[in-house]
Amino acid sequence: MAPPETSPDLARRARELRAEIVRHEYLYHVLDRPEITDAAYDALLRELRLLEEEHPELVVADSPTQRVGATPVSDLPSVRHEVPLLSLENAYSGAEVRAWLDRVADRLGGTLPAVVCELKIDGLSVTLLYRDGVLVQAATRGDGTTGEDVTPNVRTIRSVPLRLPGAGAPADVNVPSLLEVRGEVYFGRKAFAALNARREEEGEPLFANPRNAAAGSLRLLDSRITAGRRLSAFLYSVARWEGDRAPSTQEEALQALERLGFPVNPHRSRVEGAEAIEAFLEAWRERRHALDFETDGVVLKVDPVDLQLRLGATAKFPRWALAYKFPPEEATTRVTAIAVQVGRTGVLTPVAEFEPVLLAGTTVRRATLHNYEDLARKDVRVGDTVAVEKGGDVIPKVTRVLLERRPAAAAPFEMPALCPACGEAVVREEGEVAVRCVNSSCPAQVKESIRHFVARRAMDVEGLGDERIEQLLAEGILTDVASIYALDAARLSPLPRWGEKSAANVLAEVERSKEAGLARLLFALGIRHVGEKTGKVLARRFGTIDALKGADGETLQAVPEIGPETARSIRDWFSRPANERLLSKLAASGVRMIEAEGSPVPGAALSGSTFVLTGTLARRTRDEAAAAIERAGGKVSSSVSRKTTAVIAGSDPGSKLDKARALGVAVWSEEDLDRALGDAP
Ligand code: IVH
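Because the structure is a prediction, the values reported are computed rather than measured.

Taken in spatial order, the 4 strands of this open sheet run 5-4-7-8, and their pairing is antiparallel. Edge strands, defined here as strands with exactly one partner in the open sheet, are strand 5 (134-140) and strand 8 (231-242). When the angles between neighbouring strand axes are averaged without regard to direction, this sheet yields 25°. Both strand 4 (residues 124-131) and strand 5 contribute to a ladder of 6 bridges, which runs antiparallel. Counterpart to Val126 in the pairing with strand 5 is Thr140. Running at roughly 130° to strand 7 (residues 178-187), helix 6 (residues 210-218) makes contact with strand 4, strand 5, strand 7 and strand 8 of the sheet. Contacts from helix 8 (residues 250-259) reach strand 7 and strand 8, with the element oriented near 120° to strand 8.

What follows covers the site of the ligand. In the vicinity of the ligand, the residues found are Leu88, Glu118, Leu119, Lys120, Ile121, Ser125, Glu184, Tyr236, Val299, Lys301, Pro318 and Trp320. At 3.2 Å from an oxygen atom of the ligand is found a side-chain nitrogen or oxygen belonging to Lys120. In this structure, a nitrogen atom belonging to the ligand sits 2.9 Å away from a side-chain N or O atom of Lys301. Relative to its unbound accessible surface of 530 Å², the ligand loses 86% to contact with the protein. Of all the secondary-structure elements, those providing two or more residues to the shell around the ligand are strand 3 (115-121) and strand 10 (295-302). No other element matches strand 3, which puts 4 residues into the shell around the ligand. Per-class residue counts for the shell around the ligand are 7 nonpolar, 1 polar and 4 charged.

Before going further, it helps to spend a moment on the sheet that holds strand 22 (residues 666-668). What links the strands of a sheet is backbone hydrogen bonding, and the strands pair in either a parallel or an antiparallel sense. The parallel open sheet is built from 4 strands, whose spatial order is 20-19-21-22. Only two strands of the sheet have a single neighbouring strand rather than two, namely strand 20 (635-637) and strand 22. Within this sheet the neighbouring strands show an average axis-to-axis angle of 35°, counted without direction. Where strand 19 (residues 610-614) lies against strand 20, 3 bridges are found, and the strand directions are parallel. Residue pairing in the sheet places Thr610 in a bridge with Lys635 of strand 20.

Applying the stated criterion across every chain, the model contains 47 salt bridges. Measuring nitrogen to oxygen at the nearest pair gives 2.9 Å for the salt bridge that ties Glu118 to Lys301. Pair noted here: Glu118 is in strand 3 and Lys301 is in strand 10, with a separation of 183 residues, a long-range link. A salt bridge links Arg211 to Asp122; the shortest N-O distance between them is 3.4 Å. Note that Arg211 is positioned in helix 6 and Asp122 in the loop between strand 3 and strand 4, a separation of 89 residues in sequence.

Conventions adopted
Residues numbered from 1 in each chain as written. Predicted model: local features only at pLDDT ≥ 70, side-chain atom pairs only at ≥ 80, totals over all residues. Heavy atoms only, no water. Pairing = 2+ DSSP bridges. Helix = DSSP H or I, 4+ residues; strand = E, 2+ residues; numbered from the N terminus. Axes fitted to C-alpha atoms, helices over the stretch in contact; angles between N-to-C directions. Contact = heavy atoms within 4.5 Å. Near = heavy atom within 4 Å. Polar contact = N/O pair within 3.5 Å; in protein donor to acceptor, adjacent residues only side chain to side chain. Areas by Shrake-Rupley, 256 points an atom, 1.4 Å probe, with all protein chains shown as cover. Nonpolar A, V, L, I, M, F, W, Y, C, P; charged D, E, K, R; others polar. Salt bridge = Lys/Arg side-chain N within 4 Å of Asp/Glu carboxyl O.

Below is the structure:
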């Protein structure tokens, strides 16, 4: 085939269109000052799309048409951060802010530096890498050392430039050869409301808040879905800048980012002195509600970069920055009922239902009262007016009763003597706050245990949501956890809202779940005190369910993570005949009861030892090293103390190495670790 021939006119038109579109996107998404109508913008985009369809050789990677998302991936690849993403120390009051300022001044020889006050955006942090002005990688924070590659997803965010300088840049703007910038991806309030409205129409579960929506959208495996969600971003720091004129202050960095075309939050102030800082905090406590995005506080940053470097960082936080959190929001409402829910382990939880009230931007209708003791202490009664608070969390809390508004007839709430789900008598064990239903075939418990069993982090059976579980319980098709493995197409397909395809999908998922492995199975069984992590620890140590079942209390407690309570609970679980029957049924269905990855370690070579990792290891990531140590029975801690067995230092070790030396703790190389693990190269 002859090479494509494009007339120079068409190539020029494509360039013009791209520049025009990028400019309008910048005006709209970054400056919030559109100059043309949406329809006019769409017409430009359509023209470019047509042109590119007819002349694919004109398509470039940073064309605005390329923000549509890419082919889905099966997993988000991990990315090691060259510069770790630290978190911030929190302050909750003016006094804590002043104490931080005093500490900063002390460390700098008595003078307080200028501080930049920025709004703390409530989203998900990301780091973006530009090489020669081209966006080449975007990653989430992850654990601070290793994050997830979300490049295709971030490319769909209109305000994030695909190439630097972005639109609106002055002619003399300086583009560094390498730039790593950090910021926050978030959902605007309006975009969030629109997203949830659409999901409601489509019968999809709603997102609890904008932050969850941002996190969920950014971490999708299919970036084409991300492209349909209106994510936004603000960039707030430069992590690496290679090239001329590197900014020497935080304010300069923000201005440089603005000039390069990045969205930078304009609501900030470079101030000097504690009073000016407090005035900023005070002003935004109220004003923030008028913004189109959620902010949960103010980040204070020492302005001059040289002073930031002098202040340095602890293992977790930079000493030159602080996050002040706004006080939680409170509202008052009236309690209309106190309902009692029965959980997976039979615990009865009282829940206050109240007149809907607007709190921190969302309508709340109920709040957990945790347990009877908590309820009795607060003495919440039906008819009471209560104060409801929402902290950083999604779940609101009842903080107190406004006694002066209590109706004369309001009677103290009594926990029911019978389980509201099955009618059997409930018990309250000595020394326990929980009231529970001990009938293991109580329908509420069965339902909750099935929900837990199929959950994503447990056996991960997709397609068995709450509604279907309820339906199958009502039909008598599901009776306990093991009955999942007896499901068959002939019974499922004819049910309302099923059909052959859904049935086949769910059955394939059920089949797949048999291979989930011991760690997930142990978590899925819902043994008290055996969470996801303990499930993994037990699977690694014992390898098979029979070995675990045979372990006595002493053997269990010899596992570093297992305390007496967990050991007792495990023994207790295996001693119950009903559970024995359940395990036999699961085994007969072909559920795998041995651990796939990481064979059990009989002698647990590092048992009783605690290690701290610092610096970059040559042959494994820190997570991999930690996993290897744990598999061999050792523990990994984040801070060095006299009890630390050894600090394992890679290249560029941090302050942990100094601390180890100061405390006389052994320092090992990666090779020392290999030897201890018994797999010397
Ligand atoms: S600076 C070393 N600035 O808050 C400094 N963080 O609680 C790193 N955040 O993980 C962070 N707005 O995700 C900074 N203007 C802002 C921020 C901000 C939101 C987030 C960020 C960080 C978290 C710490």
